[in-house]
Amino acid sequence: MSSALALGLGSQGHEFFLYNPTLSKAQSLKGQLKKAQLWQGQDFEAVVLGFKPQKLTEAMSDLSAIVTPQTLIISLLAGVKLEKLQTLFHSRVLRLMPNLAIAENKGVCLWSSLLEAQENRFWQTTLNSLGFAPQVEERELDLYTLHAGCSPAYLYFLIQEMKDLAQQSGGDPALAAKILTLSLQGALDKLKGDEDFQGLITQVASKGGVTEATLKHWNESGAIASGLKAGLERIQQLS
Ligand SMILES: NC(=O)c1ccc[n+]([C@@H]2O[C@H](COP(=O)([O-])OP(=O)(O)OC[C@H]3O[C@@H](n4cnc5c(N)ncnc54)[C@H](OP(=O)(O)O)[C@@H]3O)[C@@H](O)[C@H]2O)c1
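Residues numbered from 1 in each chain as written. Predicted model: local features only at pLDDT ≥ 70, side-chain atom pairs only at ≥ 80, totals over all residues. Heavy atoms only, no water.

### Some points on the overall build of the protein chain
The condition is simple: Secondary structure counts use DSSP, requiring at least four H or I residues in a row for a helix and at least two E residues in a row for a strand, with both numbered from the N terminus. Note on contacts: a residue pair is in contact if any heavy atoms of the two residues lie within 4.5 Å. Note on areas: Shrake-Rupley, 1.4 Å probe, and residue coverage restricted to the protein chains presented here. His is not counted here, nor are the chain ends, while Lys and Arg score as positive and Asp and Glu score as negative. Charge coordinates come from a single atom per side chain, which is NZ of Lys, CZ of Arg, CG of Asp or CD of Glu.
A tally of regular secondary structure across the protein chain gives 11 helices and 7 strands. Here the contacts in the protein chain between residues at least 6 apart in sequence split such that 51% fall between residues at least 24 apart. Accessible surface computed for the protein chain: about 15200 Å², of which carbon and sulfur atoms make up 56%. The positive charge centre, built from 21 side chains, and the negative charge centre, built from 23, are 3 Å apart in the protein chain.

Now the structure itself:
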């Protein structure tokens, strides 16, 4: 995700110093950015935290030696609160909740900060280049982690399940994946997000039909609702 952020912001002239425990990953990203070097102790203004939230304590031991109160901490860590980051680093902090499409400047990047208004205005302009980038309250950042960060994987999961179903039923999984991808692109292409989604479902799911049978099963089993709830609970555990 930190690579996606660097690629998305790369066209704005920022200079990146790259560090990753697996050197080849940093080298590969360097090759994709115009102004980038491997980090070898150079001074920097901001540091992007792009490791897993569970690694925060481990990473702190390295970071505490190089972060100063002037360093801006930009955190991608799901669930980890601004206040916790501020207490740990004694620095200014900004939290982002993006998705991978920011690499192509077509993503969503929710953000929340403890910065002054002037700095927030700078970050609003900067993050707008990634796609849709509303500043939200921190509790909303956590709530919409499922909508912004996780939702692409939810969609890919559905595609994978339907691809597997095609294979198990004697179909061609590659053709199934193509049919699904194009069908979903067609279905999503003109949406703006303010549509009557229940109405759209009714247009497809005719009474007593095939679609209705699947949706009825999902509703009655409660599997989708409880799976989403498990995601929300995980965010609370990570904070
Ligand atoms: N994936 C998403 O769609 C998504 C969406 C929103 C937010 N996020 C957030 O973004 C963060 C990264 O997620 P990800 O999916 O990109 O994870 P990832 O693919 O596992 O990448 C994590 C990276 O952190 C590196 N790393 C491990 N320990 C480190 C350390 N001590 N210092 C510096 N780098 C270290 C890892 O290097 P090695 O490979 O060498 O171990 C790896 O390259 C997470 O906090 C997650 O909550 C992700």
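### Observations regarding the environment of Asp 164
How we decide: Burial here depends on accessible area, computed with a 1.4 Å probe over protein chains only, as a share of the maximum for the residue type. Under 20% is buried, over 50% is exposed, and the range in between is partly exposed.
Note that Asp 164 resides in helix 7 (residues 145-168). Residue classification places Asp 164 among the partly exposed positions, given a relative accessible area of 26%. C-alpha of Asp 164 to C-alpha of Ala 177: the two residues are 13 residues apart in sequence and 9.4 Å apart in space.

### Observations concerning the site of the ligand
Operational definition: Put simply, a residue is near a molecule or strand once any heavy atom of it comes within 4 Å of that molecule or strand. Under this grouping Gly is polar, as are all residues other than the nonpolar Ala, Val, Leu, Ile, Met, Phe, Trp, Tyr, Cys and Pro and the charged Asp, Glu, Lys and Arg.
Taken together, 18 residues lie near the ligand, and Met 1, Asn 20, Thr 22, Lys 25 and Phe 51 sit nearest. Alone, the ligand offers 900 Å² of accessible surface; in the complex the protein occludes 73% of this. Residues belonging to the shell around the ligand are distributed by class as follows: 11 nonpolar, 4 polar and 3 charged.

### Re the pairing of strand 6 (residues 107-113)
Let me state the cut-off plainly: Here a strand pair is declared whenever DSSP counts at least two bridges between the two strands. For the handedness criterion, the strands are oriented away from the viewer, and a crossover whose path from the first strand over the helix to the second runs clockwise is classed as right-handed.
With respect to burial, strand 6 is a largely interior element, 6 of its 7 residues being buried. Bridge count for strand 5 (residues 92-98) against strand 6 is 5 bridges, and the pairing is antiparallel. When the bridges of strand 6 are listed, Met 97 appears paired with Leu 110. Strand direction decides the pairing type here: strand 6 and strand 7 (residues 131-132), joined by 2 bridges, are parallel. Following the sheet pairing, Val 108 is matched in strand 7 by Phe 132. The β-α-β motif built from strand 6, the intervening helix 5 (residues 117-128) and the parallel element strand 7 has right-handed crossover chirality.

### Quick notes on the side chain of Thr 145
Following the sequence through the fold, Thr 145 ends up in helix 7. Discounting residues that sit within four places of it in the chain, Thr 145 has contacts with Ala 78, Met 97, Cys 150 and Ile 235.

### Here we look at the packing of aromatic side chains
Keep this limit in mind: Stacked, edge-to-face and tilted labels apply to pairs of Phe, Tyr and Trp rings (six-membered ring for Trp) whose centres lie within 6.5 Å, assigned for plane angles under 30 degrees, over 60, and everything in between, in that order.
Overall, the coordinates contain 2 aromatic pairs when judged by the stated rule. Each ring, one from Trp 39 and one from Phe 44, has its centre 6.2 Å from the other, and the planes form 75°; the classification is edge-to-face. With 5.2 Å between their ring centres and 90° between their planes, Phe 122 and Trp 123 make a pair best called edge-to-face. Given the relative accessible area of 10%, Trp 123 is considered buried.

### Some words on the domain arrangement of the protein chain
Defined as follows: For every domain, the bounds stem from an assignment made automatically or drawn from a database. The term buried area refers to how much accessible surface (probe radius 1.4 Å) is lost by two components on association, counted for both of them together. Here, a salt bridge means any side-chain nitrogen of Lys or Arg that lies within 4 Å of a carboxyl oxygen of Asp or Glu.
When its domains are assigned, the protein chain resolves into domain 1 (2-136) and domain 2 (146-238). Using C-alpha coordinates to define each centre, domain 1 is positioned 31 Å away from domain 2. Between domain 1 and domain 2, the residue contacts involve 10 residues of the former and 6 residues of the latter. Buried surface at the junction of domain 1 and domain 2, both sides included, amounts to about 570 Å², of which 64% is carbon and sulfur. Considering only the surface of domain 1 that becomes buried against domain 2, Gln 54, Gly 79 and Asn 99 emerge as the three largest contributors, covering 46% of it. Connecting domain 1 to domain 2 are 0 salt bridges.

### Some words on the confidence of the model for the protein chain
Using the following cut-off: Residue-level confidence of the predictor is what pLDDT reports, using numbers from 0 through 100.
Residue-level pLDDT values for the protein chain average 95, and 100% of them are 70 or greater. Of all helices and strands in the protein chain, the one with the weakest mean pLDDT is helix 3 (residues 56-63) (92), whereas strand 4 (residues 72-75) scores best (98).

### Topic: the nonpolar core
In globular proteins that are soluble, nonpolar side chains generally tend to be buried together. To keep things clear, this is the line we draw: Throughout this description, the term nonpolar core refers to a set of buried Ala, Val, Leu, Ile, Met, Phe, Trp, Tyr and Cys residues connected via side-chain atoms within 4.5 Å.
Leu 18, Leu 94, Leu 96, Trp 123 and Leu 127 are the most contacted members of the largest nonpolar core, which totals 25 residues. For this core, the secondary-structure elements that each account for two or more residues are helix 1 (2-9), strand 1 (16-18), helix 2 (23-30), strand 2 (36-38), strand 4, strand 5, strand 6 and helix 5. With 4 residues, helix 1 is the largest single contributor of residues to this core. Apart from residues no more than four positions distant in its own chain, Leu 18 is found in contact with Ala 26, Leu 29, Lys 30, Leu 33, Ala 36, Gln 37, Leu 38 and Trp 39. With 14 residues, the next largest nonpolar core counts Leu 63, Val 67, Leu 82 and Phe 89 among its residues.

### Focus on helix 10 (residues 210-221)
Heads up, the rule is: For a helix, the expected span equals 1.5 Å multiplied by the residue count minus one.
For helix 10, built from 12 residues, the straight-helix expectation of 16 Å at 1.5 Å per residue is met to within 8% by its first-to-last C-alpha distance of 17 Å. One or two residues past the end of helix 10 sits Gly 222, with phi positive at roughly 70°.

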